[in-house]
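Below are the chains, spelled out letter by letter.
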Amino acid sequence: LELPVYSGIQIWEMAEADVIPKTMKAAIFEQYGGPEVLRYADVPVPQLARGEALVKVHAVALNGYDLMARAGRYKPNKGKFPHILGGDFGGELAGLGRETTSDLPIGARVTSWWILPCGRCEQCMAGNHNRCARDYRYLGAHVPGAYAQYVKLPADHLIPLPNSVSYEQAAAFPNAFGTAWHMLIDRANLRPGDTVLVNSASSGVSMAAIQICKLTGAYVYATSSAAWKLEKAKELGADETFNYNEVDFVAEILQRTAKRGVDVVVEHVGGDFLDKSIRCLTRGGRLVTVGGTKSYECTIAVNYIFHKELQIIGSNSATKHDLEVMMPLLGSGKLRTVIDRIFPLKDAVEAHRYLESAKQFGKVLLRVDH
């Protein structure tokens, strides 16, 4: 069967297939700055090369790296403008590039692994694509993303959704849950009976971490900056909570554990939180860190590390396998996304302002209408 080609995209001859337009609505920015640099505009629909897929987006999540990229903390898309953010989405497979095959049919409900590794370096060849040493990129950060009606990406990155998972749940899932799973299961070797401190419980990674810890059989201490956020952390399964603005969380952990400390700390704040988190560990404990939303500049007391034989473990994003392992758990309800608020795509400016205000508990999404 010779398939018709539209703008470089193969369109399967299905009666119900949508006609893909030449232009689409997107939230773009053309200079670095505050939320106000985002603009709702018409842009061309992405052109597909071999190996690529086009997805019709219905929902896309905001992530912390969206804010950093928009502000110029690092230069997305090699500094090329206009740029489109957004790495986590839920949508429908709309088309495939020439000479591209997929196990998924056109129209399949999908989300995606947001990492774009080179696939050829020694780390990728060993299966550690999240450690790519040659050309490590994120969808929406280093290449145009899903704050748009359509997004293109490698076809083999797509992950089908269970029938029970909505587009909104799909958008809220990959980055937060993939990052938390890789931190705890792959890197920190979390075991049943471990005690775990999860800081900043209202972040997407921390909310996922609480659930993964409980699913594994760990005991969870969670901290946050407000009482209402701590109540929601308890609803997710946290065993004990406290406000780090009201108490010294190091002293609180040591008091609650009879000076023992915890086996594992989930850390992604950086700044002075890193040193304080290290002091919360028991002998032989493990701290796993995935970032520095507060600051990358950290000062630590090394004597705690060697005297207690502590491990400081780096963790970087997730593998596609991490997401595939968790998807049935999301479908069955054993893991659940937490969505705080959904804005229409045209209100991306307000969504960024809201996320920067740190008033949310859960993921902030953009709804994409067609």
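The paragraphs below set out a description of the structure included in this document.

Parameters and conventions
- Residues numbered from 1 in each chain as written.
- Predicted model: local features only at pLDDT ≥ 70, side-chain atom pairs only at ≥ 80, totals over all residues.
- Heavy atoms only, no water.
- Helix = DSSP H or I, 4+ residues; strand = E, 2+ residues; numbered from the N terminus.
- Buried < 20%, exposed > 50% of the residue type's maximum accessible area, 1.4 Å probe, protein only.
- Contact = heavy atoms within 4.5 Å.
- Lys, Arg positive; Asp, Glu negative; His and termini not counted.
- Charge placed at Lys NZ, Arg CZ, Asp CG, Glu CD.
- Phe/Tyr/Trp six-rings, centres within 6.5 Å; stacked < 30°, edge-to-face > 60°.
- Lys NZ or Arg CZ within 6 Å of the ring centre and 35° of its normal.
- 1 Å grid on protein atoms, 1.4 Å probe; cavity = no way out; pocket = protein on both sides within 12 Å on 5 of 7 lines; lining within 4 Å.
- Points joined across faces, edges and corners; volume = space filled by probe spheres on them.
- Nonpolar A, V, L, I, M, F, W, Y, C, P; charged D, E, K, R; others polar.
- Salt bridge = Lys/Arg side-chain N within 4 Å of Asp/Glu carboxyl O.
- Polar contact = N/O pair within 3.5 Å; in protein donor to acceptor, adjacent residues only side chain to side chain.
- Pairing = 2+ DSSP bridges.
- Axes fitted to C-alpha atoms, helices over the stretch in contact; angles between N-to-C directions.

## Some remarks on the overall build of the chain
Phase 1: Per the secondary structure count, the chain includes eleven helices and 20 strands.
Phase 2: Structurally, the chain occupies a C-alpha span of about 70 × 40 × 40 Å along its principal axes.
Phase 3: Sorting the 370 residues of the chain into buried and exposed places 56% on the buried side.
Phase 4: Within the chain, counting contacts between residues at least 6 apart in sequence, those at least 24 apart form 69% of the total.
Phase 5: The chain carries 41 positive and 39 negative side-chain charges, and their two centres are separated by 3 Å.

## With respect to the packing of aromatic side chains
Phase 1: In this structure the tally under the stated criterion is twelve aromatic pairs.
Phase 2: Ring geometry for tyrosine 65 against tyrosine 138: centres 5.0 Å apart, planes inclined by 50°, an arrangement best described as tilted. Highlighted residues: tyrosine 65 in helix H1 (residues 64-71) and tyrosine 138 in strand E10 (residues 137-138), separated in sequence by 73 residues. As far as the burial class goes, tyrosine 65 and tyrosine 138 line up, both buried.
Phase 3: Summarising the aromatic geometry, the rings of tyrosine 219 and tyrosine 221 are spaced 5.3 Å apart at their centres and angled 65° between planes, so their arrangement reads as edge-to-face.
Phase 4: Taken together, the ring pairs connect Tyr65, Trp114, Tyr136 and Tyr138 into an aromatic cluster.
Phase 5: Note that arginine 73 overlies the ring of tyrosine 296, its terminal NZ or CZ placed 4.5 Å from the centroid.
Phase 6: Positioned above the aromatic ring of tyrosine 167, the side-chain terminus of arginine 109 is 5.0 Å from the ring centre.

## Points about the layout of surface pockets
Phase 1: Quantified by volume, the largest pocket comes out at close to 1300 Å³.
Phase 2: Listed by contribution, the elements that provide at least two residues to the lining of the largest pocket are H1, helix H4 (174-187), helix H5 (204-216), helix H11 (348-356) and strand E20 (363-367).
Phase 3: Per-element tally for the lining of the largest pocket: the top contributor is H1, with four residues.
Phase 4: Considering only residue class, the lining of the largest pocket consists of 18 nonpolar, 20 polar and five charged.

## Digging into the pattern of salt bridges
Phase 1: With the rule as written, the count across this model stands at 17 salt bridges.
Phase 2: A salt bridge links glutamate 324 to lysine 320, with the shortest nitrogen-to-oxygen separation between them at 3.6 Å. In this pair, glutamate 324 and lysine 320 are both assigned in helix H10 (residues 320-332), four residues apart and thus about one turn of the helix distant.
Phase 3: Its relative accessible area of 37% is what places glutamate 324 among the partly exposed residues.
Phase 4: Across the pair glutamate 350 and arginine 353 runs a salt bridge, and its minimum N-O distance is 2.8 Å. A residue pair is termed a helical-turn pair when its members lie 3 or 4 positions apart in one helix, as glutamate 350 and arginine 353 do in helix H11 at three residues.
Phase 5: Its relative accessible area of 39% is what places arginine 353 among the partly exposed residues.
Phase 6: Residues joined in a network through salt bridges with shared partners are Glu240, Glu252 and Arg256.

## Topic: the side chain of lysine 308
Phase 1: Assignment of secondary structure puts lysine 308 in the loop between helix H9 (302-307) and strand E18 (311-314).
Phase 2: For the buried lysine 308, no salt bridge exists, and the shortest N-O distance to an oppositely charged side chain is 11 Å, to aspartate 275.
Phase 3: At 3.4 Å, the side chain of lysine 308 and the backbone oxygen of leucine 281 are in polar contact.
Phase 4: Aside from chain neighbours lying at most four places away, what touches lysine 308 is Leu281, Arg283, Gly284 and Asn303.

## Quick look at the sheet that holds strand E14 (residues 219-224)
Phase 1: One open sheet holds the six strands; their spatial order is E15-E14-E13-E16-E17-E18, and the pairing between them is parallel. Strand pairing shows two members of the sheet lacking a second neighbour, strand E15 (240-243) and E18, which therefore form its edges. Taking each pair of neighbouring strands and ignoring which way they run, the sheet shows an average axis angle of 20°.
Phase 2: Direction of pairing for strand E16 (residues 262-267) relative to strand E17 (residues 281-289): parallel, over a ladder of five bridges. Within E17, the residue paired with valine 264 across the bridge is arginine 286.
Phase 3: On top of the sheet, helix H8 (residues 272-279) reaches E16, E17 and E18; it is set at about 150° to E17, its chief contact.

## What to know about the pairing of strand E5 (residues 52-61)
Working note: regular strand, side chains alternate between the two faces of the sheet.
Phase 1: The element E5 is extensively covered by neighbouring structure, given that ten of its ten residues are classed as buried.
Phase 2: Pairing analysis gives five bridges linking E5 to strand E11 (residues 150-154), with the strands arranged antiparallel. For valine 55, the partnering residue across the bridge sits in E11 and is valine 151.
Phase 3: The sheet contact formed by E5 and strand E7 (residues 88-97) spans eight bridges and is antiparallel. Residue valine 60 lies in a different strand from E7, and its bridge partner there is phenylalanine 89.
Phase 4: As paired strands, E5 and E20 are joined by three bridges and run antiparallel to one another. Its bridge partner being in E20, valine 60 is matched across the sheet by leucine 366.

## Examining the environment of serine 102
Phase 1: Inspection of the secondary structure puts serine 102 in the loop between E7 and strand E8 (109-112).
Phase 2: Separated by 56 residues in sequence, serine 102 and leucine 158 place their C-alpha atoms 9.1 Å apart.
Phase 3: Sequence-distant contacts of serine 102, defined by excluding residues within four places in its chain, comprise Leu93 and Leu96.

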